[in-house]
2 protein chains.
Amino acid sequence: MEIARPYLLFLGDVHDDLAAKTAYGIVDWRRDWCVGQLRLPGCNADAELPETDIQGAVAAGAKTMIIGVVNPGGVLPDHWIETIVAALDAGMDVASGLHMRLGEVEAIAEAAARNGRQLFDVRHTAQRFATGKGTKRPGMRLLTVGTDCSVGKKYAALALEKGMRGRGLNADFRATGQTGIFISGRGVSVDAVVADFISGAAEWLTPANEPDHWDVVEGQGSLFHPSFAGVSLGLLHGAQPDAFVVCHEPTRTQMRNVQHPIPTIREVIDATVYCGKLTNPAIICVGIAINTEKLDEAEAKALCKEIAIEHGVPTTDPVRFGVEGIVERVIREFHAQ
Amino acid sequence: MEIARPYLLFLGDVHDDLAAKTAYGIVDWRRDWCVGQLRLPGCNADAELPETDIQGAVAAGAKTMIIGVVNPGGVLPDHWIETIVAALDAGMDVASGLHMRLGEVEAIAEAAARNGRQLFDVRHTAQRFATGKGTKRPGMRLLTVGTDCSVGKKYAALALEKGMRGRGLNADFRATGQTGIFISGRGVSVDAVVADFISGAAEWLTPANEPDHWDVVEGQGSLFHPSFAGVSLGLLHGAQPDAFVVCHEPTRTQMRNVQHPIPTIREVIDATVYCGKLTNPAIICVGIAINTEKLDEAEAKALCKEIAIEHGVPTTDPVRFGVEGIVERVIREFHAQ
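Rules and cut-offs
- Residues numbered from 1 in each chain as written.
- Chains lettered and ligands numbered in written order.
- Predicted model: local features only at pLDDT ≥ 70, side-chain atom pairs only at ≥ 80, totals over all residues.
- Heavy atoms only, no water.
- Least-squares fit on C-alpha atoms with pLDDT ≥ 70 in both.
- Domains from an automatic or database assignment.
- Contact = heavy atoms within 4.5 Å.
- Buried area = accessible area lost by both parts, 1.4 Å probe.
- Salt bridge = Lys/Arg side-chain N within 4 Å of Asp/Glu carboxyl O.
- Polar contact = N/O pair within 3.5 Å; in protein donor to acceptor, adjacent residues only side chain to side chain.
- Helix = DSSP H or I, 4+ residues; strand = E, 2+ residues; numbered from the N terminus.
- Nonpolar A, V, L, I, M, F, W, Y, C, P; charged D, E, K, R; others polar.
- Core = buried A, V, L, I, M, F, W, Y, C linked by side-chain atoms within 4.5 Å.
- Buried < 20%, exposed > 50% of the residue type's maximum accessible area, 1.4 Å probe, protein only.
- Phe/Tyr/Trp six-rings, centres within 6.5 Å; stacked < 30°, edge-to-face > 60°.
- Disulfide = S-S within 2.5 Å.
- Axes fitted to C-alpha atoms, helices over the stretch in contact; angles between N-to-C directions.
- Parallel < 35°, antiparallel > 145°, perpendicular 65-115°, else oblique.
- UniProt positions renumbered as here; feature names shortened; annotations may be inferred.
- Pairing = 2+ DSSP bridges.
- Lys, Arg positive; Asp, Glu negative; His and termini not counted.

Q: Can you tell me about the relation of the copies chain B and chain A, naming the residues and giving the values?
A: Both copies of the chain are related through a single rotation about an axis accompanied by a shift along the same axis. Rotating chain B by 180° and moving it 0.1 Å along the rotation axis overlays it on chain A with an RMSD of 0.1 Å. Here the two chains are linked by the operation of a two-fold rotation axis.

Structural data, given as structure tokens:
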């Protein structure tokens, strides 16, 4: 599965920015893959791309229209269908991050078939995987892990890909969730895979590679999240990371959507090494990424410094302060002569 | 989902006993739920039930025909379809442990619809689950865990249900795999659930109950198996066991279908407590079940004794020596005045 680019971003008529989080993520990281945005009357989201319609997007070279929004309830509103059919009729593929599959709508399925175009439902996977083997593969891998869900694991992985490439390393971001898949054009929603194949899907995503190549893998969930730890563990075993970065949001007190407390960074480091050594006995922590959005700059700096000293690894907010220290640590640990 | 009984066991024309493992498991544990077996010419398996045909089974009260065999490749042979359709036409439901869904065969789907009968594909699940919440529920739970796959976790759980009931405890076996589902008439194949919902499915399977009620939960995989540890962890978190029993096959040197060594029993106890305390901080090991099939009786006894001393918990082969010691330990730990 490879989503053809450039993209047209479809924002529908969603009421707020939160509903367009996926589109914003694409623009943050792949602005140059986007020819424009298409908004219906009443849309309050704005990805700050040129406004366009289907014909304008095709003229600008768009190959795929991305439905980069969710609407309450997760289903596809009837009044979006016309635009989706028009995109297919104009020769574009359509990719969606909605829970509902595009092909479930008869008019869309027919338009795709009629035009020989592809429909991508990135929350689902039609792919069949083998079960994980757990055998060590050539190439290196870095996984972002979290003290909770939604703490910046995708963002940290993308920042690390960019930072590592900037230092001349051969690094590729590997997407495990819907927004990440749009950003990299490929990947697998590991939480949508049948349970038996979680680690197998992670192995497929990060196959054998050149010895100095890095897969920078987007983590999912947390080993300490009672809803999703199975996904996190299967991903950890399948990705067999050489290195990991712990992502943390310091103001959160409870895990997302459950009543469990947030684990400490130390607990996450220890659990990741304890579990990860099953498929990579040499696994180490190379850094900590703190989401300091809710702190002022002085507080953020002080906190990163304090955590760095406590754990002995570079600690940063990737958005505010970059990832240079972590990349430096990766080079020192894995690329020193 | 509740599979109606009694059952007619369909053995097809499979060539050996291994292909009929599921049927044999049903007869081992639920002989009195089975009115007979139906075999096609050339069948080499024998569940030692009265031979019958569709009409005879219906006359004996059979409500469901169970396809208790697998054939090489996992698909449904064309020449079995006639018998399946006849069972539906005679008013029985049909339940299958094959990978292929019964409803994929048009003649079977039509016969089910025509007769208003149900088709059960126990390797799959049509059920939708919530994500796991991890909140402590009333009632007690015991989970069997393993040093590997296929070491006797289902058998140990069934023996414990029987032994606990024999001592007056209120205990119900909870099935997490296909044979177990036939044996209990309900359950969920947790390895077939979408990854996000593993722990949620386990919570659904073991809901809030009377304070002195035990769910005796069939374990899956192993926390140390690189293919399936995610399933094992999600099941552990969702089942939130108060007690667990480690199952082990002492002659095995490598984990099933991969190149990893078998962990020690101590490692499995430690990892189960380490991970399990997320949803039940009071989790304890109450016993060890050794599959001593390949040892002679004296060796088996000596090994159980040695392991019991090493780990300080009752150790037995449930098949050879029963589970009285483990049940005794459960009573002492959880039901003492």
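Q: Quick rundown of the domain arrangement of chain A? Include the residues and the values.
A: All names here are of chain A. According to the domain assignment, chain A contains domain 1 (7-121) and domain 2 (140-334). Contact residues are listed per partner, giving 12 residues for domain 1 and 11 residues for domain 2. Contact with domain 2 buries area across many residues of domain 1, yet Thr22, Trp29 and Arg30 alone supply 56% of it, more than any other trio. In this assembly, domain 1 and domain 2 are joined by 1 salt bridge. Residue Glu161 is joined to Arg30 by a salt bridge in which the shortest nitrogen-to-oxygen separation is 3.4 Å. Put simply, domain 1 and domain 2 have 4 residue pairs in polar contact (both at pLDDT 80 or more) between them. Looking at which element gives the most residues to the side of domain 1 that touches domain 2, the answer is helix α1 (residues 21-30), with 5 residues. Of the residues that constitute the side of domain 1 that touches domain 2, the class distribution is 7 nonpolar, 4 polar and 1 charged.

Q: Describe in detail the interface of chain B and chain A, supporting the description with residues and values.
A: Listed as interface residues are 36 residues of chain B and, on the opposing side, 36 residues of chain A. Both faces considered, chain B and chain A share a buried interface measuring about 2,600 Å² in area, 57% of it formed by carbon and sulfur atoms. Looking at the side of chain B facing chain A, the largest losses of area belong to B:Asp196, B:Tyr274 and B:Leu278, adding up to 20% of the total buried there. Along the contact surface separating chain B from chain A lie 0 salt bridges. Connecting chain B to chain A are 16 residue pairs in polar contact (both at pLDDT 80 or more). Those elements that provide at least two residues to the side of chain B that touches chain A are α7 (198-205), α8 (229-239) and α9 (265-276) of chain B. Of all the elements, α8(B) adds the most residues to the side of chain B that touches chain A, at 6 residues. Classifying every residue of the side of chain B that touches chain A by side-chain character gives 17 nonpolar, 14 polar and 5 charged.

Q: Talk me through the nonpolar core; I want residue IDs and the actual numbers.
A: In terms of nonpolar packing, the biggest core is built from 82 residues, with A:Leu223, A:Leu233, A:Val246, B:Leu223, B:Leu233 and B:Val246 touching the most fellow members. Beyond its immediate stretch of four places on either side in the chain, A:Leu223 contacts A:Ala229, A:Ser232, A:Leu233, A:Leu236, A:Ala271, A:Thr272, A:Cys275, B:Leu233, B:His237 and B:Leu278. Formed by 76 residues, the second largest nonpolar core is a distinct cluster that contains B:Val85, B:Leu88, B:Ala243 and B:Val327.

Q: Requested: an account of the side chain of A:Asp93, with residues and values cited.
A: Residues and elements named next belong to chain A. Note that Asp93 resides in strand β4 (residues 93-96). The class for Asp93 is buried, based on a relative accessible area of 4%. Not counting residues up to four positions away in its chain, the partners in contact with Asp93 are Ala4, Lys63, Thr64, Met65, Arg117, Gln118 and Phe120.

Q: Lay out the packing of aromatic side chains in plain terms, naming residues and giving numbers.
A: Summed over all chains, the structure comprises 11 aromatic pairs over all chains. Pairing A:Tyr7 with A:Trp33 gives two aromatic rings, centres 5.8 Å apart and planes at 90°, and the pair type is edge-to-face. With A:Tyr7 in strand β1 (residues 7-12) and A:Trp33 in the loop between α1 and β2 (34-39), this residue pair connects regions lying 26 residues apart in the sequence. Like A:Trp33, A:Tyr7 is buried. Here B:Trp214 and B:Phe334 contribute two aromatic rings whose centre-to-centre distance is 5.1 Å and whose plane-to-plane angle is 85°, an arrangement assigned as edge-to-face. You can see B:Trp214 sitting in strand β8 (residues 213-217) and its partner B:Phe334 sitting in helix α12 (residues 324-334), a full 120 residues away along the chain.

Q: Kindly report on the environment of A:Glu267, identifying the contributing residues and their values.
A: All names here are of chain A. Within the fold, Glu267 resides in helix α9 (residues 265-276). Residue class for Glu267 comes out partly exposed when judged on its relative accessible area of 37%. When the C-alpha positions of Glu267 and Phe224 are compared, they lie 9.0 Å apart, and in sequence the two are 43 residues distant.

Q: How would you summarise the state of the cysteines if you had to cite specific residues and measurements?
A: Evaluated as defined, the whole model comprises 0 disulfides over all chains. Of the cysteine sulfurs around A:Cys285, a residue in no disulfide, the closest is that of A:Cys247, at 9.9 Å. As a non-bridged cysteine, B:Cys304 has B:Cys247 as the owner of its nearest cysteine sulfur, 12 Å distant.

Q: Talk me through the packing of helix α3 (residues 81-89) of chain A against helix α4 (residues 106-115) of chain A; I want residue IDs and the actual numbers.
A: All names here are of chain A. The interhelical angle for the contact between α3 and α4, taken along N-to-C directions, is 5°, at an axis separation of 9 Å. The angle between the axes of α3 and α4 places the two elements in the roughly parallel class. Contacts from Ile81, Ile84, Val85, Leu88 and Asp89 of α3 reach α4 at Ala107, Ile108, Ala111, Ala112, Arg114 and Asn115. Among the residues making up the contact of α3 with α4, the classes are represented as 8 nonpolar, 1 polar and 2 charged.

Q: Lay out the UniProt feature "domain: D-glutamate N-acetyltransferase-like C-terminal" (unreviewed entry) in chain A with the relevant residues and their values.
A: Under the feature "domain: D-glutamate N-acetyltransferase-like C-terminal" (unreviewed entry), the UniProt entry names residues 129-327 of chain A. Overall, residues 129-327 of chain A shows 38% helix and 16% strand. The separation of its end C-alpha atoms is 32 Å.

Q: With reference to specific residues and values, describe α8(B).
A: Of all 11 residues that make up α8(B), 11 are buried, and the element is covered over most of its length. Elements in contact with the buried residues of α8(B): α8 (229-239) of chain A together with β6 (140-146), α7, β8 and α9 of chain B. Count one or two residues on from α8(B) and you reach B:Gln240, which has phi positive near 40°.

Q: Describe in detail α8(A), supporting the description with residues and values.
A: Restricting attention to buried positions, one finds in α8(A) the residues A:Ala229, A:Gly230, A:Val231, A:Ser232, A:Leu233, A:Gly234, A:Leu235, A:Leu236, A:His237, A:Gly238 and A:Ala239. Residues of α8(A) that are buried make contact with β6 (140-146), α7 (198-205), β8 (213-217) and α9 of chain A together with α8 of chain B.

Q: Tell me about the sheet that holds strand β7 (residues 170-174) of chain A, and name the residues and values.
A: Sheet strands pair by backbone hydrogen bonding; their relative direction is either parallel or antiparallel. Residues and elements named next belong to chain A. In spatial order, the strands read β7-β8-β6-β9-β10-β11; together these 6 strands make up an open sheet with parallel pairing. Edge positions in the sheet fall to β7 and β11 (315-316), since each has one partner strand and no second. Summarising the sheet, strand β10 (residues 284-290) and β11 pair through 2 bridges and their orientation is parallel. Residue Ala289 lies in a different strand from β11, and its bridge partner there is Thr316. The sheet contacts of α9 involve β6, β9 (243-248) and β10, and relative to β9 the element is tilted by about 150°.

Q: Help me get a handle on the side chain of B:Asp121, residues and values and all.
A: Residue and element names in this part refer to chain B. Among the structural elements, Asp121 can be located in strand β5 (residues 119-121). Here Asp121 sits buried without a salt bridge, and the closest side chain of opposite charge, Arg101, lies 5.5 Å off (N-O distance). The contact partners of Asp121, leaving out residues within four places of it in the chain, are Ser96, Met100, Arg101, Leu102 and Gly103.

Q: Requested: an account of the pattern of salt bridges, with residues and values cited.
A: Residues and elements named next belong to chain A. Counted under the stated rule, the structure contains 30 salt bridges over all chains. A salt bridge links Asp172 to Arg165, with the shortest nitrogen-to-oxygen separation between them at 2.8 Å. With relative accessibility at 42%, the residue Arg165 sits in the partly exposed group.

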